[in-house]
Amino acid sequence: MALTQARTMPGVLELLPLDQIAFQRMLDVIRRNYERFGFLPVETPVMEFSDVLLTKTGGETERQVYFVQSTGALNNAEKGDGVPELALRFDLTVPLARYVAEHEHDLSFPFRRYQMQRVYRGERAQRGRFREFYQCDIDVIGKDSLSVRYDAELPAVIYSVFRELNIGPFTIQLNNRKLMRGFFESLGVTDSEQQTLVLREVDKLDKRGADYVRDTLTGEQFGLSADTAQKILDFVQVRSTSLQDAYDKLDALGPGPEAMEQGRTELKEVLGLIHAFGVPESHYALNLSIARGLDYYTGTVYETTLNDHPQIGSICSGGRYENLAGQYTKSHLPGVGISIGLTRLYWQLRDAGLIGTAHSTVDVLVTQMDPAQLPAYLAVAGELRAAGIATEVVLDGGKLGKQFKYADRAGIRFVIVLGEDELAKGVVTVKDLRREDQFEVSRAELIKTLRVELAQAEIGQ
């Protein structure tokens, strides 16, 4: 019988155990910080009804959706459209909108939720693009209204997350869509649809450069004058270096229409409150090119970048939206949210050499010297586990050197040897494979000693 080649489809991230531990620890850091700020966990099904999932999307998104047809049942099959009844979620925002609309009367508002789950998107297979990936979202949803103060809280959460991840200096960059639309209006770009198209173009500034954006704005599609295009470019290239500098540069924009003044007022309040939340001025800045391509953003928008690795691009983004669930309920539900695309971020950080593999989640390996003494080895392991020390026991035996080699390859730092001499003296030998040394300790002191060693090992990582 011919063997089937073992393979995975393109666009998925499948890791070896020590890499998976590193990834899992990033998830743990994000979860811990989300909860530290009072966000509550939510999970939604990986599958949604197609008509619910696709309500707020256009044709481009629909082409990336994975449809599910396990039973052969088709939605509206009698109409001949052939759309499967179910589809895999492509982000966590649309499921959140459905969730809030469905459970609105059971939730407390403002509703503060975090969600960390896989999503699925039919991306074209290429380096660093994934079809299955983790998103780690936080959102605050209001009922009827939501203070702009929440727009300042989310950068404080993100600062806490990335500081603990310890992946290098980073900057949370902020802008406001109202400010941008108001400025465009002051230049005579008043049509809402044209403003949206201009927003999408200026969002490409950092990736494509000023010449590309200028040529596009003055080209046939937009037809803006060279003077108008240059004013837009001057506007979107505004950056700040401190809180006061941000205030000064916002004031220097001059007066404008109502939307521009509202956006400027909101940005000033958000910037000041981020400082009050304790985020250092070196970690957030005004960047008037940040627009976010999604149309549903209406106010504050964010992107976070690594200062020393700008080529990685945004590692966290989001913004304010006026009505999350308008397609599903008549209630007015404004909100603000930020998302970390963790799978892509992990891959980029590993590719850039900023993170490596982790050590094993197993703290100690108890070796086997004599099969007749297996009950003694199991007793030691039981004592360690009861004390909260993750412990594995070698059950098959074999040469001691081979057992040490196994521990080393598995990333287990501490190995316990319990031979005849140790049993006779009431001690155990503990070998530290990383430091390449060993010591004896009494059974009575083993747990205390290992706790000290593990604590020091954690500090030294």
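You'll find the structure just up there.
Sequence positions are assigned chain by chain, starting from 1 and proceeding in written order. Confidence filtering applies because this is a predicted model: local features only for residues at pLDDT of at least 70, side-chain atom pairs given and counted only at 80 or more, and all residues used for totals across whole chains, interfaces and linings. Excluding hydrogens and water, the side-chain figures rest on all heavy atoms present in the structure.

Engineer: Where do I start with the packing of helix 6 (residues 177–186) against helix 12 (residues 258–276) in this structure?
Structural biologist: When two helices pack together, their arrangement is captured by the angle between the axes and the distance separating the axes. Only the stretch in contact is used when a helix axis is fitted, and all axes are lines through C-alpha atoms; the angle between N-to-C directions ranges over 0 to 180 degrees. Secondary structure elements are defined from DSSP: runs of H or I of at least 4 residues count as helices, runs of E of at least 2 residues count as strands, and each element is numbered from the N terminus. Put simply, helix 6 and helix 12 touch, their axes get as near as 7 Å, and they point 150° apart. Between helix 6 and helix 12, the angle falls in the class roughly antiparallel. Where helix 6 crosses over helix 12, the handedness of that crossing is left-handed. Note on element contacts: helix 12 touches helix 6 through Ala259, Met260, Gln262, Gly263, Arg264, Glu266 and Leu267, opposite Lys178, Leu179, Gly182 and Phe183. Under the grouping applied here, Gly and all other residues not named as nonpolar or charged are polar, the nonpolar ones being Ala, Val, Leu, Ile, Met, Phe, Trp, Tyr, Cys and Pro and the charged ones Asp, Glu, Lys and Arg. Here the contact of helix 6 with helix 12 is composed, by residue class, of 5 nonpolar, 3 polar and 3 charged. Oblique is the label for any angle not covered by the other classes, which are roughly parallel (under 35 degrees), roughly antiparallel (over 145) and roughly perpendicular (65 to 115). Definitions for this section: a left-handed crossing has its near helix turned counterclockwise from the far helix by less than a right angle. A right-handed crossing has that turn clockwise. Throughout, a contact is declared for two residues whenever any of their heavy atoms are within 4.5 Å.

Engineer: Looking at this structure, I do not really get helix 6. What am I missing?
Structural biologist: Side chains of residues three or four places apart in an α-helix project in the same direction, reflecting 3.6 residues per turn. Counting buried positions over the 10 residues of helix 6 gives 7, a clear majority of the element. Looking at helix 6, one finds that the buried residues are Arg177, Leu179, Met180, Arg181, Gly182, Phe183 and Phe184. If you follow the buried residues of helix 6, they end up packed against strand 9 (170–176), helix 7 (192–202), helix 10 (226–236), helix 11 (243–251), helix 12 and strand 11 (297–306). Where helix 6 starts, the residue carrying a side-chain oxygen 2.8 Å from the main-chain nitrogen of Lys178 turns out to be Asn176. Positive backbone phi, at 95°, marks Gly188, one or two positions downstream of helix 6. Here the term buried applies to any residue with accessible area under 20% of the maximum for its type, exposed to any over 50%, and partly exposed to those in between, with areas from a 1.4 Å probe on protein chains only. In protein, a polar contact means a hydrogen-donor-capable atom and an acceptor-capable atom, both N or O and within 3.5 Å, with residues adjacent in sequence counting only if both atoms are side-chain atoms; elsewhere, any N or O pair within 3.5 Å suffices.

Engineer: Explain the nonpolar core to me, please; I cannot follow it from the model alone.
Structural biologist: Inside soluble globular proteins, nonpolar side chains tend to come together where they are buried. Put simply, buried Ala, Val, Leu, Ile, Met, Phe, Trp, Tyr and Cys residues joined by side-chain atoms within 4.5 Å make one nonpolar core. Residues Tyr34, Phe162, Leu174, Ile340 and Leu342 are the most contacted members of the largest nonpolar core, which totals 78 residues. If sequence neighbours within four positions are ignored, Tyr34 has contacts with Phe39, Tyr114, Met116, Cys136, Asp137, Ile138, Val157, Val161 and Ile340. If you look at the next biggest cluster of nonpolar residues, it comprises 18 residues, including Leu384, Val393, Val441 and Leu450.

Engineer: Quick question: what am I supposed to make of the sheet that holds strand 12 (residues 316–321) here?
Structural biologist: Working definition: the strands of a sheet are paired by backbone hydrogen bonds and lie parallel or antiparallel to each other. Two strands qualify as a pair provided that DSSP identifies no fewer than 2 bridges between them. If you walk across this open sheet you meet the 8 strands as 1-7-8-13-12-11-9-10, and the pairing is mixed. The open sheet has two edge strands with one neighbour each: strand 1 (40–41) and strand 10 (284–286). Two strands pair when backbone bridges link them, and strand 11 and strand 12 are joined in this way by 5 bridges, in the antiparallel orientation. Bridge pairing in strand 12 places Tyr302 opposite Gly318.

Engineer: Explanation requested: unusual backbone geometry in the structure shown.
Structural biologist: Working note: non-glycine residues mostly have negative phi, and peptide bonds are mostly trans. With an omega of 0°, the peptide bond between Phe109 and Pro110 qualifies as cis. Take Pro110: it is sitting in the loop between helix 4 (93–103) and strand 7 (111–120). Positioned with a positive phi, Asp144 is a non-glycine residue whose angle comes to about 75°. For Asp144, the position within the fold is in the loop between strand 8 (132–141) and helix 5 (149–165). Despite not being glycine, Glu436 has its phi angle at roughly 60°, a positive value. Its location among the elements puts Glu436 in the loop between strand 17 (427–432) and strand 18 (437–442).

Engineer: Whenever I open this one, the packing of helix 5 against helix 12 confuses me. Can you help?
Structural biologist: At a closest axis distance of 8 Å, the pairing of helix 5 and helix 12 adopts a crossing angle of 45°. Put simply, helix 5 runs oblique to helix 12. The two elements helix 5 and helix 12 meet at a crossing, and its hand is right-handed. On helix 12, the residues touching Arg149, Asp151, Ala152 and Pro155 of helix 5 are Glu269, Val270, Leu273 and Ile274. By residue class, the composition of the contact of helix 5 with helix 12 is 5 nonpolar, no polar and 3 charged.

Engineer: Quick question: what am I supposed to make of the side chain of Asp91 here?
Structural biologist: Note on placement: Asp91 falls in the loop between strand 6 (86–88) and helix 4. At 3.3 Å, the side chain of Asp91 and the backbone nitrogen of Thr93 are in polar contact. A polar side-chain atom of Asp91 sits 3.2 Å from the main-chain amide nitrogen of Val94. Residue contacts for Asp91: discarding those within four places in its chain leaves Val119, Arg121 and Gln135.

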